Amino acid sequence: MKVRRAFADLSVGQVHYASCGDPRAETVLLLHQSPRSWAEYRHVLPLVGERFRAVAMDTAGFGDSDAGPAPASIEQWARVAVELLDALGIARAHVVGHHTGGVIAVELAASFADRVHGLVLSSTPYTDAAFRRARAERPPIDEVAPSTDGSHLAALWQKRQSFYPPNRPELLEAFVRDALSVGERLEEGHRAVASYRMEDRIAKIAQPTLILRATEDPFAAPHAAELQAHLPHARLVDIAGGMVPLPDQMPEAFAAAVLDFLETLP
């Protein structure tokens, strides 16, 4: 199934997205982790596109999307996502988010409830006061000091290596390509997540919700139970062997879990 790429002119400038599937079908909006791009869903799009109109956008300031003048925040990124839905003539969509994308999805469901039908939170942290304190005490997640000999490129690879499956170098290569394209904004997504007050927003979520837990993701997996405690109506599904790059590591398992959930919704 062919993936088509395009730009929409929004308040931040040009926002890039990729889509797949029948444009008349119900839409699934896919939101990526930081500092990735739509390419995190490159292999998921055709699978979801068999049943839905699948749209994967580059978050403002990432991939090929302009950042715009407003300070980076989860709230701002959710507003831009709604602008994209407006530009594409989409009244309501299912929203799927992975890591940072899941936090944006929470804000979308809370602040724009009438625009979100079903919600899928994949490897999504619960960002309360304890989370913010812990993040403030830790070093940057991806930031590396530039070097004249290029050793910072290897350092970027090594920072992520333990969170990626062995013998899958193409997954780390995809991460490094996206990270390098972001440049100085490398930590912007992590900082936005660390400052988001999810505890003030999550009670507003009434949409049918699926929580996906990648069992081998040491950062996000422990948060799944916290999310479910605050979203008692949510279904929790484990994807065994899943790690930080779950959508492009295991696209078939990821898409199957999403489709199994969405196809049960009225």
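In the block above lies the structure referred to throughout.
Here the residue index of a chain counts from 1 through its sequence in written order. Given that this is a predicted model, residues contribute local features only at a pLDDT of at least 70 and side-chain atom pairs are listed and counted only at 80 or more, while totals for whole chains, interfaces and linings are drawn from all residues. Side-chain measures were taken over the full set of non-hydrogen atoms in the model, leaving aside hydrogen atoms and water.

Q: Could you give an account of the overall build of the protein chain, naming the residues involved and the relevant values?
A: Looking only at helices and strands, the protein chain features ten helices and eight strands. Atoms counted for the radius of gyration: C-alpha only. Globule rule: 2.2 Å times residue count to the power 0.38. Taken against the 2.2 N^0.38 rule, which gives 18 Å for 266 residues, the C-alpha radius of gyration of the protein chain at 17 Å falls within 12% of a compact globule. When the backbone C-alpha atoms are referred to their principal axes, the protein chain occupies close to 55 × 40 × 40 Å. The buried label goes to any residue with under 20% of its type's maximum accessible area, the exposed label to any with over 50%, and the partly exposed label to all in between, with areas taken from a 1.4 Å probe on protein chains only. Looking at the 266 residues of the protein chain, the share that counts as buried comes to 55%. For the area figures, the Shrake-Rupley method with a 1.4 Å probe applies, and any residue is considered shielded solely by the protein chains shown. In the structure as shown, the protein chain presents an accessible area of about 11200 Å², 51% of it carried by carbon and sulfur atoms. Helix and strand definitions follow DSSP, with helices as H or I runs of at least four residues and strands as E runs of at least two, each counted in order from the N terminus.

Q: So what's going on with the nonpolar core? Which residues, and what values?
A: Membership of the largest hydrophobic core comes to 47 residues, with the highest contact counts inside it found for Leu29, Leu31, Met57, Ile74, Leu84, Leu108 and Met198. Per-element accounting of this core gives the leading share, eight residues, to helix α2 (residues 74–87). It only takes one pair of heavy atoms within 4.5 Å for two residues to be counted as in contact. The residues touching Met57, leaving out its near neighbours within four places in the chain, are Val15, His16, Tyr17, Leu29, Leu30, Leu31, His32, Trp38, Val80, Ala81 and Leu84. Residue types Ala, Val, Leu, Ile, Met, Phe, Trp, Tyr and Cys, when buried and joined through side-chain atoms within 4.5 Å, form a set referred to as a nonpolar core.

Q: I'd like a description of the packing of aromatic side chains, backed by residues and values.
A: The aromatic pairing rule takes the rings of Phe, Tyr and Trp, using the six-membered ring of Trp, and pairs them if the centres are within 6.5 Å, calling planes under 30 degrees apart stacked, those over 60 edge-to-face and the rest tilted. Taken as a whole and assessed by the stated rule, the structure comprises four aromatic pairs. Relative to Phe254, the ring of Tyr41 has its centre 6.1 Å away and its plane inclined at 45 degrees; by these criteria the two rings are tilted. Pair noted here: Tyr41 is in the loop between β3 (27–31) and α1 (45–49) and Phe254 is in helix α10 (residues 251–262), with a separation of 213 residues, a long-range link. The class for Tyr41 is buried, based on a relative accessible area of 0%. Residues Phe131 and Phe219 carry aromatic rings whose centres are separated by 6.3 Å and whose planes lie at 70 degrees to one another, so their mutual orientation is edge-to-face. Here Phe219 lies in the loop between β7 (209–214) and α8 (223–230) and Phe131 lies in helix α4 (residues 129–136), a separation of 88 residues in the sequence. According to the relative accessible area criterion, Phe131 is buried, its value standing at 8%.

Q: Pulling in residues and values, what's your account of α10?
A: Between the first and last C-alpha of α10 there are 16 Å, a value that for twelve residues agrees with the 16 Å anticipated at 1.5 Å per step. The complete set of buried residues in α10 reads Pro251, Phe254, Ala255, Ala257, Val258, Leu259, Phe261 and Leu262. The span one expects for a helix is its residue count, reduced by one, times 1.5 Å.

Q: Can you lay out the side chain of Gln207 for me, pointing to particular residues and giving the numbers?
A: If you trace the backbone, Gln207 turns up in the loop between α7 (188–195) and β7. Here Gln207 is in contact with Ala109, Ala113, Val116, His117 and His233, once residues within four sequence places are set aside.

Take it as geometry only, folks, not as evidence of what the structure does.
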